[in-house]
Every structure is written in C-alpha cells, then in structure tokens.
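Examining the three-dimensional arrangement
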Amino acid sequence: MKMNKLILLLFASFIFMKQVSASSDSCGLRISLLTVTPGEELYSVFGHSALRVVDSASGTDIIYNFGTFDFSDPDFYSKFVRGKLLYSLSQETFQNFRYENEYFHRGITEQVLSFNCNEKSLIQAKLFENMQEENRYYKYDFLKDNCTTRLRDIIFGANSMSLNNKFLVSKTKSSYRDYLHFYLNRAEMPWTKLGIDLLLGLDSDALMNVTESMFLPDYLLKGVSLAKLANKNLVAEEK
C-alpha cells in the first residue's frame with residue numbers, strides 16, 4: 001500500500017514538473033516551416049516555402065511568404081532566372097494559403113520548430129521588420145537569394161550557436177545545376193532547362209555545402225529535418 005502511494009506521489013510530481021516546464025515556454029507562439037509540393041508552371045515547378053506563425057495571444061494564424069511577385073511583368077521569366085525580378089514579403093491567413101494550394105492540388109508539409117520563447121520572439125520580430133514597406137522588397141536571385149533561402153537564413157540564424165554548424169557547412173556531392181535538372185527533367189521542360197543553363201552559366205556547377213543546398217524548398221525541408229537544436233531535433237512535429 002505504501003509502495004502504491006509512493007508511486008502515485010512520484011507520478012504526480014512528474015506530471016507537475018512537466019506542466020511547469022511547459023508553462024515556462026508558453027509564450028503563445030508556434031512557428032512552422034511550410035513546404036508546398038511543385039506545381040506545373042516554371043515559377044512553381046521547384047515547390048514553395050513559407051513560415052506559419054500562430055500567435056495565441058493575438059489570436060492570429062499568419063503565413064509569411066517571401067515569394068510574392070508581379071506576374072504581369074512582360075519579362076517575367078527572363079528576369080526570374082537572371083535575378084532581376086523584384087520579389088516581396090507578404091502576409092495572408094493560413095486558411096487562404098491552404099485553400100489556394102488545395103485548389104491547385106498542391107500538398108503542404110508542416111514542420112513545427114522546437115525553438116524556445118526567446119528564439120520564436122526573435123523570428124517573429126524579424127518577420128515584422130521585414131514586413132515594413134522599406135524592407136519588403138528584394139531582387140530575386142535564383143540560387144542565392146530567393147523565397148526559400150530567406151526562410152533558411154531566418155530559421156538557422158535564430159540560434160546559430162546551438163545548431164549543428166558542422167552539419168551546415170559540410171560539402172555535398174551535388175551542384176546547383178544537378179538539383180535544378182532533377183526538377184526540370186521530372187517536369188519535362190528540356191528547352192527551359194537549356195535556357196536556365198545558359199543564363200546561370202558556370203556558377204551553377206559549383207558544389208554546394210548543406211546550407212547552400214537548401215535553396216530549394218524540398219531541401220530546406222530535409223535540412224530542417226536533420227538539424228539539431230542543442231540536444232533535440234529542430235523539428236518538434238511534422239504533418
């Protein structure tokens with residue numbers, strides 16, 4: 001009988017400590033990386049990335065999207081590849097984001113990130129800063145500065161001391177061109193592939209490290225999946 005009471009007491013203590021631990025990180029923020037499957041157009045054939053910020057304090061569920069552009073530009077595709085197209089950060093509700101991708105039959109993977117309150121607040125503050133009119137716009141660079149690399153830099157810049165830096169700088173056996181060809185071959189776009197090869201030139205033949213390989217949505221998803229934050233996985237939940 002005494003043993004049963006002791007077990008119950010220890011169990012109750014464990015539950016209490018778990019609740020205290022949870023409440024100490026209860027800043028009301030949940031931040032997720034969203035990865036959208038490829039579409040049929042050139043601008044969507046590589047997939048898409050966005051950040052979802054659920055703020056229970058303000059009751060908001062907002063998508064931050066660095067992939068907003070003016071599709072009516074007559075030189076859209078040429079500027080898109082040459083890094084001359086002006087992109088911007090925009091906001092929308094998760095409901096609208098989900099509806100739009102369901103309409104085009106594109107799947108969404110959500111990875112909830114296991115940052116602490118301070119790190120999540122820093123990410124939210126960075127997004128707020130980037131949403132200011134003078135900061136929203138940037139010149140899109142196909143390989144180095146796009147809607148996925150911007151998210152990569154925000155995520156991996158939130159706690160660079162705790163993340164596995166050796167993992168991030170290790171060399172891959174692939175070039176930018178290898179990754180691009182995989183998607184363009186799958187989409188059966190041989191002429192587009194030739195045009196991109198000519199426009200990007202020899203720079204796309206450079207072997208990437210892990211950080212650089214996350215310039216495409218699927219590889220940012222994989223990089224986040226493999227990353228460690230201190231002694232735990234960076235991804236707390238994936239669905």
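It should be noted that the structure appears before, not after, this text.
Okay, so let's go over this structure.

Scoring rules and cut-offs
Residues numbered from 1 in each chain as written. Predicted model: local features only at pLDDT ≥ 70, side-chain atom pairs only at ≥ 80, totals over all residues. Heavy atoms only, no water. Helix = DSSP H or I, 4+ residues; strand = E, 2+ residues; numbered from the N terminus. Buried < 20%, exposed > 50% of the residue type's maximum accessible area, 1.4 Å probe, protein only. Contact = heavy atoms within 4.5 Å. Pairing = 2+ DSSP bridges. Phe/Tyr/Trp six-rings, centres within 6.5 Å; stacked < 30°, edge-to-face > 60°. Lys NZ or Arg CZ within 6 Å of the ring centre and 35° of its normal. Salt bridge = Lys/Arg side-chain N within 4 Å of Asp/Glu carboxyl O. Axes fitted to C-alpha atoms, helices over the stretch in contact; angles between N-to-C directions. Parallel < 35°, antiparallel > 145°, perpendicular 65-115°, else oblique. Nonpolar A, V, L, I, M, F, W, Y, C, P; charged D, E, K, R; others polar. Polar contact = N/O pair within 3.5 Å; in protein donor to acceptor, adjacent residues only side chain to side chain.

Bringing the overall build of the chain into the picture now. A tally of helices and strands in the chain yields 10 helices and 11 strands. The buried share of the chain, taken over its 239 residues, is 44%. By sequence separation, contacts in the chain at least 24 residues apart represent 74% of the contacts at least 6 residues apart.

Here the focus is the pairing of strand 1 (residues 29–36). Regular strands have side chains that alternate between both faces of the sheet. Among the 8 residues of strand 1, 7 are classified as buried, and the element is accordingly described as predominantly covered. In this structure, strand 1 lies alongside strand 2 (residues 48–55), joined through 8 bridges in antiparallel fashion. Each residue of the ladder has a partner; that of Val36, found in strand 2, is His48. Sheet topology places strand 1 next to strand 5 (residues 108–113); 5 bridges connect them, and they run antiparallel.

What follows deals with the packing of aromatic side chains. If you walk through the whole model with that rule in mind, you get 10 aromatic pairs. Where Phe46 meets Tyr183, the ring centres are 5.8 Å apart and the plane angle is 65°; that geometry is what we call edge-to-face. With Phe46 in the loop between strand 1 and strand 2 and Tyr183 in helix 7 (residues 176–186), this pair connects stretches of sequence that are 137 residues apart. Note on Phe46: relative accessible area 6%, which makes it buried. Counting every residue linked through ring pairs, the aromatic cluster contains Phe46, Phe142, Phe182 and Tyr183. The ring centre of Phe94 lies 3.6 Å from the NZ or CZ of Arg52, which sits over that ring.

In a structure, side chains of opposite charge can pair up when their charged atoms sit close to one another. Inspection of every chain in the model, using the stated rule, returns 9 salt bridges. A salt bridge links Arg52 to Glu110; its shortest N-O distance comes to 3.1 Å. Of this pair, Arg52 sits in strand 2 while Glu110 is found in strand 5, placing the two residues 58 residues apart along the sequence. Neither Arg52 nor Glu110 differs from the other in exposure class; each is buried. Of the charged contacts in the structure, one is a salt bridge between Asp205 and Arg177, with a shortest N-O distance of 2.6 Å. With Asp205 in the loop between helix 8 (190–200) and strand 8 (207–209) and Arg177 in helix 7, this pair connects stretches of sequence that are 28 residues apart. Residue Asp205 is classed as partly exposed on the basis of its relative accessible area, which comes to 36%. Taking relative accessible area as the criterion, Arg177 reaches 15% and is therefore assigned buried.

Following both chains from N to C, one finds helix 5 (residues 149–157) and helix 10 (residues 217–226) inclined at 10°, their axes separated by 11 Å at the closest point. With respect to helix 10, the element helix 5 is oriented roughly parallel. The residues of helix 10 that touch helix 5, namely those facing Leu151, Arg152 and Phe156, are Leu220, Gly223 and Val224. Residues of the contact of helix 5 with helix 10, tallied by class, amount to 4 nonpolar, 1 polar and 1 charged.

This part is about the environment of Tyr64. Its location among the elements puts Tyr64 in strand 3 (residues 60–69). As for Tyr64 and Phe128, which are separated by 64 residues in sequence, their C-alpha atoms are 9.7 Å apart. Every residue in contact with Tyr64, bar those within four places of it in the chain, is listed here: Ala50, Leu51, Val53, Leu89, Ser90, Gln91, Leu127, Phe128 and Met131. A polar side-chain atom of Tyr64 sits 3.1 Å from a polar atom in the side chain of Gln91.

Sheet analysis places strand 3 next to strand 4 (residues 86–93), joined by 6 bridges and oriented antiparallel. Residue pairing across strands places Asn65 opposite Ser90, the latter belonging to strand 4. The pairing of strand 4 with strand 6 (residues 137–139) spans 3 bridges and is antiparallel. If you follow Tyr87 over to strand 6, its bridge partner there is Tyr138.

It is worth spelling out the environment of Gly67 at this point. Counting through the fold element by element, Gly67 comes out in strand 3. Residues Gly67 and Thr148, 81 residues apart in the sequence, show an inter-C-alpha distance of 8.2 Å. If we ignore the near neighbours within four places in the chain, the residues touching Gly67 are His48, Tyr87, Ser88 and Cys147.

Just distances and angles here, no functional claims.
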